[in-house]
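# Geometric and topological summary
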Amino acid sequence: MLADALEHLVRGVVEHPDDVSVRDKQMRRGSILEVRVHPDDLGKVIGRGGRTASAFRSVIAALAGKGGARIDFVDVDRRR
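Definitions and limits used
- Residues numbered from 1 in each chain as written.
- Predicted model: local features only at pLDDT ≥ 70, side-chain atom pairs only at ≥ 80, totals over all residues.
- Heavy atoms only, no water.
- Phe/Tyr/Trp six-rings, centres within 6.5 Å; stacked < 30°, edge-to-face > 60°.
- Helix = DSSP H or I, 4+ residues; strand = E, 2+ residues; numbered from the N terminus.
- Core = buried A, V, L, I, M, F, W, Y, C linked by side-chain atoms within 4.5 Å.
- Buried < 20%, exposed > 50% of the residue type's maximum accessible area, 1.4 Å probe, protein only.
- Patch = residues over 30% accessible without salt bridge, like charges linked within 9 Å, V, L, I, M, F, W, Y side chains within 5 Å.
- Areas by Shrake-Rupley, 256 points an atom, 1.4 Å probe, with all protein chains shown as cover.
- Salt bridge = Lys/Arg side-chain N within 4 Å of Asp/Glu carboxyl O.
- Pairing = 2+ DSSP bridges.
- Axes fitted to C-alpha atoms, helices over the stretch in contact; angles between N-to-C directions.
- Contact = heavy atoms within 4.5 Å.

### Regarding the packing of aromatic side chains
Applying the stated criterion across every chain, the model contains one aromatic pair. Both rings, one in phenylalanine 56 and one in phenylalanine 73, keep their centres 6.2 Å apart while their planes meet at 45 degrees; by these two values the pair is tilted. Note that phenylalanine 56 is positioned in helix 3 (residues 51–64) and phenylalanine 73 in strand 3 (residues 70–75), a separation of 17 residues in sequence.

Given below as structure tokens:
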């Protein structure tokens, strides 16, 4: 559910919404939502001074509740 909500939010901000994908990775310390975007959209997703990324993190933290989730923004050119 968190991955779907984050993907919907990110698709609304970027110019290449078809290149957006969110993957939920379960780690020992909790879950990480890995967001992959087009390289041209990485700046839009992070925002000036990281404000947009911080807003995404705040919304997801509110939806996640007590368990929480970390978010990692990656461009699609980076190797998987």
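### Some details on the nonpolar core
Here is a general trend for soluble globular proteins: nonpolar side chains tend to be buried in one another's company. Core analysis: the largest hydrophobic core is formed by 16 residues, its most contacted members being Leu6, Val10, Leu33, Val35, Val45, Ile71 and Phe73. Elements with a minimum of two residues in this core: helix 1 (2–11), strand 2 (30–37), helix 3 and strand 3. Examining the composition of this core, we find that four residues originate from one element, helix 1, more than from any other.

### Quick notes on a nonpolar patch on the surface
Judged by side-chain polarity, Met1, Leu9, Val59 and Leu63 come together as a nonpolar surface patch covering roughly 370 Å² of accessible area. Looking at the element boundaries, methionine 1 is found in the segment before helix 1.

### Things to note about the environment of glycine 30
Counting through the fold element by element, glycine 30 comes out in strand 2. Judged by its relative accessible area of 29%, glycine 30 falls in the partly exposed class. Each C-alpha atom, one on glycine 30 and one on valine 45, is 23 Å from the other, the two residues being 15 residues apart in sequence.

### Let's talk about the sheet that holds strand 2
Where strands meet in a sheet, backbone hydrogen bonds hold them as pairs that are either parallel or antiparallel. With mixed pairing, the three strands of this open sheet are ordered in space as 1-2-3. The two strands at the open ends of the sheet, each matched to only one other strand, are strand 1 (21–27) and strand 3. Geometrically, the sheet is characterised by an average inter-axis angle of 25 degrees between neighbouring strands, direction not taken into account. Across six bridges, strand 2 lies against strand 3 in parallel orientation. Counterpart to leucine 33 in the pairing with strand 3 is isoleucine 71. In the packing of helix 1 onto the sheet, contacts are made with strand 1, strand 2 and strand 3, and the angle to strand 2 comes to roughly 30 degrees.

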